[in-house]
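# Breakdown of the fold
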Amino acid sequence: MKPANTILSSYGTTIFQTMSVLAMEHKAVNLGQGFPEGLEPEDVLEVAAKAVREGPHQYPHMLGIPELRQQIAAHEKRFYDLDVDWNSEVMVTSGATEALANCIFGLVNPGDEVVLIEPLYDCYLPLVQRAGGIAKMVRIDPPNWELPRQALQEAFSDKTKLIILNNPNNPCAKVYDQDELTFIARLLEKHDAYAVCDEVYEHLVFDGRSHIPLITLPGMRERCVRIASAGKTFSITNWKVGYIVAAPALLQPIAKTHQFITFTTPIGLQKGVAYGLGKDDAYFKGLIADMQGRRDKLATGLREIGFKTLDCAGTYFLTTDFSPLGFKGDDSDFCRHITIEAGVTAVPVSAFYQEADVTHFARFCFAKEDAAIDEALSRLQKHFN
Ligand code: PMP
Ligand code: GLN
């Protein structure tokens, strides 16, 4: 038998799937894989359910139904004062993951360099490698996750096609500030490069901070592709509705990939998301307040058990340092151990690095119902104290 594609088959199953399967096997409270529970807005579900029933049931426009593309353009204006032409600068995708694949396959030629910042979301590196791109890694490290500007500058060259920037960042919950973004913007200009901006956690930014899309910085309108996901904004990760905003010259090659991969996204779900994006400010503010409350509840409880908790400026992930608990073993051992022995699942942070040298940090997802957070804390308390 001839071998399958060697790049993709060299990867194992993702850590998220692996930990969720283990959580299910052991009936653990799953604070591992990032998905919310009990937070779906009822009205968004209703609109989509009705639309699925009523149809149409055939292919929509490949860029997305006009109603959703118009709502996306309105969203960009409302939240970021960004003027976007819904007809030539917006494309709906089947999740942010598809959007990332479209960008990478649509923009990267074999031999192009792509700057990636570790910790890395799981699909970035395999997609870049599959596209024939050459990854140039820069790393930010716990506990402060500071951007190493010198290393970043050195990672760029005239062969750099693009950087993938995840802001707010999963797993480190870092929200890039204006100064860091300006630094990145100058590098893009200097090296005539693009940025693929994975901003799926744009509406999960805490403590009065604001999310600044790189595309809104001077000179960045033509260089940035902004990716968002309804999965996070409306707590509906199963729907896989994402979108891309980019200048026409960038969107066109990206749309070429989309037309050969998924081509379209279900109309009913697009209608639900179009309705959701039009929800009033109270919804978006409520989401932040709600998630911030869950973050604080989980963080306080974990600290009482003996974990150190790292700052969480955005996303729905809390990184913890479990070394004060005296556990013998690395972060993968720890996450398996608490799943099997305590009945609570987390994700090892080393899974987001190429080298498994960040060994005592575990990521917990707090987008869960109060009862689940309480139960997880009580199980961990019982196990460790
Ligand atoms: N990027 C990041 C950083 C994520 O955490 C996720 C989430 N799961 C995605 C992309 C994928 O989003 P989607 O489920 O819309 O494909
Ligand atoms: N983004 C989610 C996480 O970080 C998981 C998504 C997935 O499982 N592909 O946990």
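These remarks concern the structure in this document. Fair warning: this is a prediction, and the values are worked out from it, not measured in the lab.

Rules of the game
- Residues numbered from 1 in each chain as written.
- Chains lettered and ligands numbered in written order.
- Predicted model: local features only at pLDDT ≥ 70, side-chain atom pairs only at ≥ 80, totals over all residues.
- Heavy atoms only, no water.
- Salt bridge = Lys/Arg side-chain N within 4 Å of Asp/Glu carboxyl O.
- Helix = DSSP H or I, 4+ residues; strand = E, 2+ residues; numbered from the N terminus.
- Buried < 20%, exposed > 50% of the residue type's maximum accessible area, 1.4 Å probe, protein only.
- Near = heavy atom within 4 Å.
- Areas by Shrake-Rupley, 256 points an atom, 1.4 Å probe, with all protein chains shown as cover.
- Nonpolar A, V, L, I, M, F, W, Y, C, P; charged D, E, K, R; others polar.
- Contact = heavy atoms within 4.5 Å.

Oppositely charged side chains are able to pair whenever their charged atoms sit close together. Enumeration according to the criterion identifies 23 salt bridges in this entry. Notably, a salt bridge pairs D281 with R78, separated by 2.8 Å at the nearest N-O pair. Of this pair, D281 sits in helix α12 (residues 281–305) while R78 sits in helix α4 (residues 66–80); the two residues are 203 residues apart in sequence, bridging distant segments of the chain. A relative accessible area of 34% means that R78 is categorised as partly exposed. A salt bridge links R294 to D290; the nearest nitrogen and oxygen atoms lie 2.6 Å apart. Placement of both R294 and D290 in helix α12 is noted, with a separation of 4 residues, approximately one turn of the helix. Residue classification places R294 among the buried positions, given a relative accessible area of 12%.

With that settled, consider the site of ligand 2. Around ligand 2 sit F16, Q33, G34, Y121, N170, Y201, K232, F317 and R363, and that is every residue in its neighbourhood. Contact with the protein chains covers 81% of the free accessible surface of ligand 2, which is 300 Å². Within the shell around ligand 2, the residues separate by chemical class into 4 nonpolar, 3 polar and 2 charged.

You can see P41 is positioned in the loop between β1 (29–30) and α3 (42–54). According to the relative accessible area criterion, P41 is buried, its value standing at 8%. Expressed as a C-alpha distance, the spacing of P41 and V196, which sit 155 residues apart in the sequence, is 29 Å. Other than its neighbours up to four places away in sequence, P41 contacts F234, K279 and Y283.

No statement about biological role is implied by the geometric values presented.
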